[in-house]
Amino acid sequence: MNPSFHRFKKRIEPKYYSLLFLSVICVRISAQQVIPLYNDSIPNSIGTIQEADKPTITVYKPTRDKTNGTAIIIFPGGAYGFLATDTEGTPIAKAFAERGIIAFVVKYRLPKDETMRDKSMGPLMDAQQTIKYVRTHAGEYGIDSNKIGIIGYSAGGHLASTLGTHYNPAYIPNQENISLRPDFMILVYPVISMKRGLTHSSSMNNLLGQNPSEEKIKFFSSEDNISPKTPATYITHAGDDGLVNVENSVQMYRWLQMEGVDAELHIYPKGNHGFTQRLPVIEWLEPMLLFLKKEGFYRNVSN
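Fair warning: this is a prediction, and the values are worked out from it, not measured in the lab.

### Considerations on the pairing of strand 5 (residues 148-153)
For a regular strand, side-chain orientation follows a simple rule: the groups alternate between the two sheet faces. Among the 6 residues of strand 5, 6 are classified as buried, and the element is accordingly described as predominantly covered. Burial of strand 5 is two-sided: the residues Ile148, Ile150 and Gly152 facing one way and the residues Gly149, Ile151 and Tyr153 facing the other way are all buried. Alignment of strand 3 (residues 71-75) against strand 5, held across 5 bridges, turns out to be parallel. Note on strand 5: the bridge partner recorded for Phe75 is Gly152. Where strand 5 and strand 6 (residues 184-188) come together, 5 bridges link them in parallel fashion. By the bridge assignment for strand 6, Ile151 is matched with Ile186. Crossover strand 5 to strand 6 through helix 7 (residues 155-165) is right-handed.

### What to know about the sheet that holds strand 8 (residues 263-268)
The mixed open sheet is built from 8 strands, whose spatial order is 1-2-4-3-5-6-7-8. Two strands close off the open sheet at either side, each with one partner strand: strand 1 (33-36) and strand 8. Across the sheet, the axes of successive neighbouring strands diverge by a mean angle of 20°, strand direction being ignored. Sheet topology note: the strand 1/strand 2 (residues 56-60) ladder contains 4 bridges and is antiparallel. From the neighbouring strand, Ile35 faces strand 2, where its bridge partner is Ile57. The strands touched by helix 4 (residues 90-98) are strand 2, strand 3, strand 4 (102-107), strand 5 and strand 6; relative to strand 2, the strand with the most contacts, the crossing angle is about 35°. Against the sheet, helix 11 (residues 281-294) contacts strand 5, strand 6, strand 7 (232-238) and strand 8, and its axis sits at roughly 165° relative to strand 8.

### Overview of helix 8 (residues 201-208)
Residues separated by three or four positions in an α-helix point in the same direction, a consequence of the helix having 3.6 residues per turn. Turning to helix 8, its buried residues number three or more, namely Ser203, Met204, Leu207 and Leu208. The arc that holds every buried residue of helix 8, seen down its axis, measures 95°, which confines them to one face. Buried residues belonging to helix 8 abut helix 5 (122-136), helix 7 and helix 9 (214-219).

### Digging into the environment of Pro287
Its location among the elements puts Pro287 in helix 11. Since its relative accessible area comes to 17%, Pro287 is described here as buried. Between the C-alpha atoms of Pro287 and Thr236, which are 51 residues apart in sequence, the distance is 9.7 Å. Once you skip the residues sitting within four places of it in the chain, Pro287 turns out to touch Tyr234, His266 and Ile282.

### A look at the pattern of salt bridges
According to the stated counting rule, one finds 12 salt bridges in the structure shown. Across the pair Lys195 and Glu223 runs a salt bridge whose closest N-O atoms are separated by 3.5 Å. Taken as a pair, Lys195 in the loop between strand 6 and helix 8 and Glu223 in the loop between helix 9 and strand 7 lie far apart in primary sequence, 28 residues in all. On the basis of relative accessibility, which here comes to 33%, the residue Lys195 falls in the partly exposed class. For Glu223, a relative accessible area of 4% corresponds to the buried category. As a salt-bridge pair, Glu247 and Arg254 come within 4.0 Å of each other at their nearest N and O atoms.

### Focus on the packing of helix 5 against helix 7
Relative to each other, helix 5 and helix 7 sit at 65°, their axes nearing to 10 Å. In terms of orientation, helix 5 and helix 7 fall into the roughly perpendicular class. The interaxial crossing formed by helix 5 with helix 7 has right-handed handedness. Between helix 5 and helix 7, the residues in contact are Pro123, Leu124, Ala127 and Gln128 and Leu159, Thr162 and Leu163, respectively. Classifying every residue of the contact of helix 5 with helix 7 gives 5 nonpolar, 2 polar and no charged.

### Focus on the packing of aromatic side chains
Per the stated rule, a full pass over the model turns up 12 aromatic pairs. With a centroid separation of 5.8 Å and 70° between ring planes, the pair formed by Tyr153 and Tyr189 is classed as edge-to-face. Of this pair, Tyr153 sits in strand 5 while Tyr189 sits in the loop between strand 6 and helix 8, placing them 36 residues apart in sequence. Since its relative accessible area comes to 0%, Tyr153 is described here as buried. Taking 4.9 Å as the distance between ring centres and 45° as the angle between the ring planes, the aromatic pair formed by Tyr268 and Phe275 counts as tilted. Among the aromatic residues, those joined into a cluster by ring pairs are Tyr153, Tyr189, Tyr268 and Phe275.

### Re the nonpolar core
If you look at soluble globular proteins, the nonpolar side chains tend to sit buried side by side. Counting residues in each nonpolar core, the largest one holds 51 residues, and the members touching the most others are Ile73, Phe75, Phe104 and Ile143. Residues within four places of Ile73 in sequence aside, it is in contact with Phe104, Val106, Thr130, Ile131, Val134, Ile148, Gly149, Ile150 and Ile151. Membership of the second largest hydrophobic core comes to 30 residues, among which are Tyr60, Ala95, Ile151 and Ile186.

Conventions and cut-offs
- Residues numbered from 1 in each chain as written.
- Predicted model: local features only at pLDDT ≥ 70, side-chain atom pairs only at ≥ 80, totals over all residues.
- Heavy atoms only, no water.
- Buried < 20%, exposed > 50% of the residue type's maximum accessible area, 1.4 Å probe, protein only.
- Helix = DSSP H or I, 4+ residues; strand = E, 2+ residues; numbered from the N terminus.
- Pairing = 2+ DSSP bridges.
- Right-handed = clockwise from strand over helix to strand, strands pointing away.
- Axes fitted to C-alpha atoms, helices over the stretch in contact; angles between N-to-C directions.
- Contact = heavy atoms within 4.5 Å.
- Arc of directions from axis to C-beta.
- Salt bridge = Lys/Arg side-chain N within 4 Å of Asp/Glu carboxyl O.
- Parallel < 35°, antiparallel > 145°, perpendicular 65-115°, else oblique.
- Left-handed = near helix turned anticlockwise from the far one by under 90°.
- Nonpolar A, V, L, I, M, F, W, Y, C, P; charged D, E, K, R; others polar.
- Phe/Tyr/Trp six-rings, centres within 6.5 Å; stacked < 30°, edge-to-face > 60°.
- Core = buried A, V, L, I, M, F, W, Y, C linked by side-chain atoms within 4.5 Å.

The analysis is restricted to geometry; functional conclusions fall outside its scope.
Rendered as structure tokens:
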């Protein structure tokens, strides 16, 4: 071994070895690409948008030996009042990337009357813009343009289900006529409905305001907007969820079945809201990957 390495070891106390190692690992993992969602003006915006509020996507790429051509777009939750990226974005992206799926974590705009002409449409526009970006640049990322899916958590699940049921017409500039339809959809303890008695009130109030019209409630209640062309959907929830009523997932599944859409529903008896954050990754990820494999959207290149 190089003598200089021994001299270097003597200068570092043993208790710092692990910290040095972890620092190297963290730098490698966190060195991801952050991309502005819009190159020009941001649609539906008014006034000056602060840099911290501008929507972006962060790309998490698998290693070359694991990549399999599938992409997933991640919408963190947060009741449309904040983004839980640290728990429902970054670790989710890393887990999928480890399994060969390139992941895009979306920092979508939160509904604000001060910065949007119609605050209810801001998140959906950003969701449509994200899938447009990923599909447009699929070749550059080694993505199969027919294997681009979405996953959303809690209110992010509502946004995902809204995109999955409102991909046409486009609410963003799309002269290229790029398909904004996700190929598959994963909903994790999602808010689905905006109907009182079923919805999550904070998510509804933040998105639609205190007294939304019946038209708005229907538009943003995903169970009312399913068609036979809605993407294949995997849904998971905990039966004892004290924040978002599990009936959101149950009703979504029932309507998907009625429309003939491939759907799978996993209800854990206990776990409350955010239960996937407290489970080992394999327990929540493997059922999702199995569903995607059965639907033809996933293959493990290491097998």
